[in-house]
Every structure is written in structure tokens, then in C-alpha cells.
Amino acid sequence: LLKANEEVFALRAPLTADGRTYPPGTFYIRAKGSTRRALDGIATDLGLSFTGTRERPSDAMRLRPARVGLWDQYGGSMDAGWARWILEQFEFPFERVFAPELDAGNLNRRFDVLVFVGGGIPGGGGGGAAPPTDIPAEYQGQLGRVSADQTIPQLRAFVENGGTVIAIGSSAANLAEHFRLPIADHLGENGESLPRTKFYTPGSVLSARFDRSHPITYGMADYTDVFFDDSPVFRLGPGAGAAGVKAI
């Protein structure tokens, strides 16, 4: 719909139409001359249903396409490959972005969102091993690693200028450390990670409770299954609320 320049919104408050109440996060499409044809095609191709209504939401959030950059590295990243597959399956346009482009800065000019999968952001001051030198010219722009001294300041500037960073797995833990966010390891004791005798959860499906009032969680159930695989788990530290840090 966005590709077809239709006007799409997400409800912020429940909307009742024809005796049914639709929760926050439900998509609302404002009708134009081209809308019916677009909806018919989507209904046929994807099996989705649409309800016509004369009710207009009093408070809705206009959706716009986001310019997405997905971190990757020379030689590829398995996690980045899976993220690429998911973005492609759901038809989200995106660009792969490599360390030299991140280090160059001015990221808000090109992107609204940057995605870092596990392994994308190193901990401490490390940036990985030195890149190889015998690489064909067309791949030279992919060389290098995210580093604390060059890349992290550019990511901080990107966020402070309104950009969004989505960090997953180890990248989430490391970015929180670089940004000095008021969070701590929930699976720790006296500054050390819990031993396996106290916490052992190999690749498992766990149930998580979501705050469905937040736009990020629109469309989720109150309790939703998530996959846990040696994932970081955080607790909020002192001053988290004042700093705008919250769990969803």
C-alpha cells in the first residue's frame, strides 16, 4: 500500500465499526480512487480481509516507508543473511551498509533505521582483526570493522539526530555499554555472569509479556513466544526512567 502511495495509518486507540472493536495497531487505510483496486489485489494475493467503515479514527499514526540500512561485513554474516531474508520476504526495502560507510558519518542523510544483528557491534574497544588486502576493487568498500573510536560516535550522532538503531543479541549488549545506558545484565551476580548450575537455557522457546500500548508492540499478543539462544537479558538500572529507558 505504501509503495502504491496509499495513505496508511496505525490506530493509537480502539475503533469500533459494525459492532466490532479493533485494537491499537490496526491498520486504517484512507479511501482514495485507487484504494479499492489495491485492496482487492492484496486480498486475492495474501488472503487478507478488509472492513469498510465510515468511522474515522480520532487519533492515528501516519505510516511512512523507512530508509533501512542493514549492517553487513565483507565475506558475509550468517545473522545478517537471515535478517536480509526476513526483510525481503516482507518486502521491506533496505540497503546493506558496511563499516566504511558508517565511519563516514552523516548517516541521517541516507537512513532512518540502522539494524545490527549479533556480531555487528564489538564490545570494549575492539574492532576485530585487520582486513585482508588482496580484495577485488568492487569489494574494497566492504572492508573494515565497526570500532569504538570511529563508528560508535557516528552511531551516537545518528540517534541524537532522530535516527533509530535496532540492535540484536550481542550487538544490543555492546551498544548499551558504548552508549552507557542505565541497564545491567539481569543474569549476573556480583558482577559475574550466572554459572550454568544457576541458569541454563540453551536454544529454547520462552514466553514474554509485552506492553501493547507501545507502537513497537502493535499487533502482538499480551504474551508472545520468543526464541532465546544465549541472549542478553537486561534489568533497568538507577535513573533509567529519567533517561527515557524502558522495557516493552
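Preceding block: the structure.
Residues numbered from 1 in each chain as written. Predicted model: local features only at pLDDT ≥ 70, side-chain atom pairs only at ≥ 80, totals over all residues. Heavy atoms only, no water.

S.K.: Could you clarify how one ought to interpret the overall build of the protein chain in this entry?
M.R.: On a plain count of helices and strands, the protein chain comes out with five helices and 15 strands. With respect to the principal axes defined by its C-alpha atoms, the protein chain has extents near 60 × 50 × 35 Å. A total of 248 residues make up the protein chain; the buried ones form 27% of that total. A sequence separation of at least 24 residues applies to 65% of the contacts in the protein chain between residues at least 6 apart. Approximately 16200 Å² of the protein chain is accessible, and the part contributed by carbon and sulfur atoms is 52%. Treating the 25 positive side-chain charges of the protein chain as one cloud and the 28 negative ones as another, the clouds have centres 7 Å apart. (Helix = DSSP H or I, 4+ residues; strand = E, 2+ residues; numbered from the N terminus. Buried < 20%, exposed > 50% of the residue type's maximum accessible area, 1.4 Å probe, protein only. Contact = heavy atoms within 4.5 Å. Areas by Shrake-Rupley, 256 points an atom, 1.4 Å probe, with all protein chains shown as cover. Lys, Arg positive; Asp, Glu negative; His and termini not counted. Charge placed at Lys NZ, Arg CZ, Asp CG, Glu CD.)

S.K.: Could you clarify how one ought to interpret the sheet that holds strand E5 (residues 60-62) in this entry?
M.R.: Where strands meet in a sheet, backbone hydrogen bonds hold them as pairs that are either parallel or antiparallel. Read from one edge of the open sheet, three strands run E4-E1-E5, paired in antiparallel fashion. Looking at the sheet topology across the chains shown, the edges are occupied by strand E4 (27-30) and E5. Each adjacent strand pair in this sheet contributes to an overall mean axis angle of 35°, direction not counted. In the sheet, strand E1 (residues 7-11) pairs with E4 via four bridges, with the strands oriented antiparallel. When the sheet's bridge partners are listed, Val8 is paired in E4 with Ile29. (Pairing = 2+ DSSP bridges. Axes fitted to C-alpha atoms, helices over the stretch in contact; angles between N-to-C directions.)

S.K.: Before we go on, may I ask you to explain helix H5 (residues 170-178) in this structure?
M.R.: Counting along an α-helix, one turn takes 3.6 residues, and residues three or four places apart therefore face a common direction. The set of residues buried in H5 consists of Ser171, Ala172, Asn174, Leu175, Ala176 and His178. Those residues of H5 that are buried are in contact with strand E8 (113-116), helix H4 (151-160), strand E9 (164-167), strand E10 (183-185) and strand E15 (234-236).

S.K.: Would you take a moment to explain the nonpolar core for this structure?
M.R.: Within soluble globular proteins, side chains that are nonpolar generally end up buried alongside one another. Counting residues in hydrophobic clusters, the biggest one holds 23 residues, and the most contacted among them are Leu102, Leu114, Phe116, Leu155 and Leu175. Elements supplying a minimum of two residues to this core: strand E6 (68-71), helix H2 (78-89), E8 and H4. The element best represented in this core is E8, accounting for four residues. For Leu114, the residues in contact, after removing those within four places along its chain, are Gly69, Val97, Leu102, Leu107, Leu155, Phe158, Thr164, Val165 and Ile166. (Core = buried A, V, L, I, M, F, W, Y, C linked by side-chain atoms within 4.5 Å.)

S.K.: Before we go on, may I ask you to explain H2 in this structure?
M.R.: Counted at 1.5 Å a residue, the expected span for H2 with its 12 residues is 16 Å, and the 17 Å between its end C-alpha atoms agrees. Within H2 the residues assigned to the buried category are Ala80, Ala83 and Leu87. Down the axis, H2 shows its buried residues gathered within 60° of arc, on one side only. Across from the buried face of H2, at angles greater than 90 degrees, the exposed residues are Met78 and Trp82. Looking one or two residues past H2, Glu91 carries a phi angle of roughly 60°, positive in sign. (Expected span 1.5 Å × (residues − 1). Arc of directions from axis to C-beta.)

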